[in-house]
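Breakdown of the fold
Listed here are the chains, written in short residue letters.
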Amino acid sequence: MRFLCCCCVLLNLMGCPKGPDSSTSQGPTSKDTTPQEMPPVSDATPESGSTLSPEASSLPEIDWNLNVQEQPELDVVATAIVDKPIYTYAAKTVTYSPDGKLIAVGTGQGKVHLYDSQSHEHVRTIQAHENWAFDLVFSVDSQQIYTGGGDNLSKIWNMSDGKESNSFADHLEDVHGVAVNGAGELLFSGADDMQVLMRSLKDETVTVIGKHDLQVTGVSLSPDETLLASSSRDNTVKIFDLKSLQEPPVKEPLTFKNHTAHVLSAAFSHDSQKVVSIGNDMVARIWDPKTGKELETFKLLGYGYAAIFSKDDQAIFTGTSDGLLHMFKLGTQESAGSLQLKSDISDLSLSPEGDEVAAVTSGGELILVKISGDSLSQETRIELPGAPRKTENTPE
């Protein structure tokens, strides 16, 4: 479990290639339904030709002048491979509640931190998973939150008391993407087992709606709830017609193949007419989810970890491995504004009003950036619980 967790962190925060994994033991769940057509899990084998550099073979010493009593927990495997400290306080995912009152952040400790979106005060921490909380999404009424984690589980949590409502062991490996429809009847998920699943929360049936050739990095539901997108390390994004899944005959998914490296994120525009996808080829691609036609591209300076549309769908925001938050105006091929953050940007979320972007980083920060017209303006930085408070002498 520890090895698998660290590798997933490395792959999703740092954008490095990933070799085959073995399945990990599953924690206790209230539901344990085996999906249809689940493939056997192969034994873990090292990636061919992969070696650690001499520098990476010995972990770096941590001698920063931190205002904490204990050093933060080092993610040993990820640190050794990338040759720089990676800590479990790193943030992986962020989202606003639909009512705009809360911001939720998932971390490498498996925790979900909840913040008041106006006062920015810390409201509650939920220990959602045994290790990494890779993805999370609110219900449409903001009363529940759905999470996917490094313990192979998808879970549902009540916001009223922070307690677990349900848990599902549908996947064989780390769950990297979750999405739920507005009625709260269908839960979609994607995982390292390369499968995209649809679970009925009414009758508890689980259906394999699609498979990728490599690990699934995320899933996204279109605002009109007619399409589901899944991104993958096989360099593709698949688009599933949800109506045909419930009213056969089932249509074959559209596969977007224009990326030349791992795709780490895909998101729909608010009118459901476009998709932005981003990944290790350092290009943000805008395309039509019904035809697969590429409409526009934006070159990045680092690996692309997250991309979302503005409220009016006339711009996109991108977060990359070089810590740059960019705002690109569609049709211009140029950045309308940028902000340099201290660490890799793991994820982005747009406020319901569309006037603020939330970014989270591998350095354990939540950054809230105001949108002023066609540019980015003031920012608020929040250090997550467990992340070290740095002094003036601390290296950035």
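Scroll up a little and you will see the structure.
So, a few notes on the structure that sits alongside this text. (Residues numbered from 1 in each chain as written. Predicted model: local features only at pLDDT ≥ 70, side-chain atom pairs only at ≥ 80, totals over all residues. Heavy atoms only, no water.)

Re the environment of Tyr-87
Among the structural elements, Tyr-87 can be located in the loop between helix H3 (76-82) and strand E1 (91-96). According to the relative accessible area criterion, Tyr-87 is buried, its value standing at 4%. (Helix = DSSP H or I, 4+ residues; strand = E, 2+ residues; numbered from the N terminus. Buried < 20%, exposed > 50% of the residue type's maximum accessible area, 1.4 Å probe, protein only.)

Observations concerning unusual backbone geometry
Between Pro-248 and Pro-249 the backbone carries a cis peptide bond, its omega angle lying at 15°. Relative to the helices and strands, Pro-249 resides in the loop between helix H4 (242-246) and strand E16 (254-256). Positive phi is not limited to glycine here, since Asn-235 has a value of about 75°. Within the secondary structure, Asn-235 is located in the loop between strand E14 (227-232) and strand E15 (237-241). A relative accessible area of 23% places Asn-235 in the partly exposed class. For Ser-272, which is not a glycine, the phi torsion comes out positive at approximately 65°. By the secondary structure assignment, Ser-272 is in the loop between strand E17 (263-268) and strand E18 (275-279). Of the residues examined, Ser-272 reaches a relative accessible area of 2% and is grouped as buried.

A closer look at the packing of aromatic side chains
Each aromatic ring pair is specified by the distance between its two centres and by the angle formed by the two planes. Scanning the entire structure with this criterion turns up four aromatic pairs. Look at Tyr-87 and Tyr-89: their rings are 5.2 Å apart centre to centre, the planes differ by 15°, and that puts the pair in the stacked class. Its relative accessible area of 6% is what places Tyr-89 among the buried residues. (Phe/Tyr/Trp six-rings, centres within 6.5 Å; stacked < 30°, edge-to-face > 60°.)

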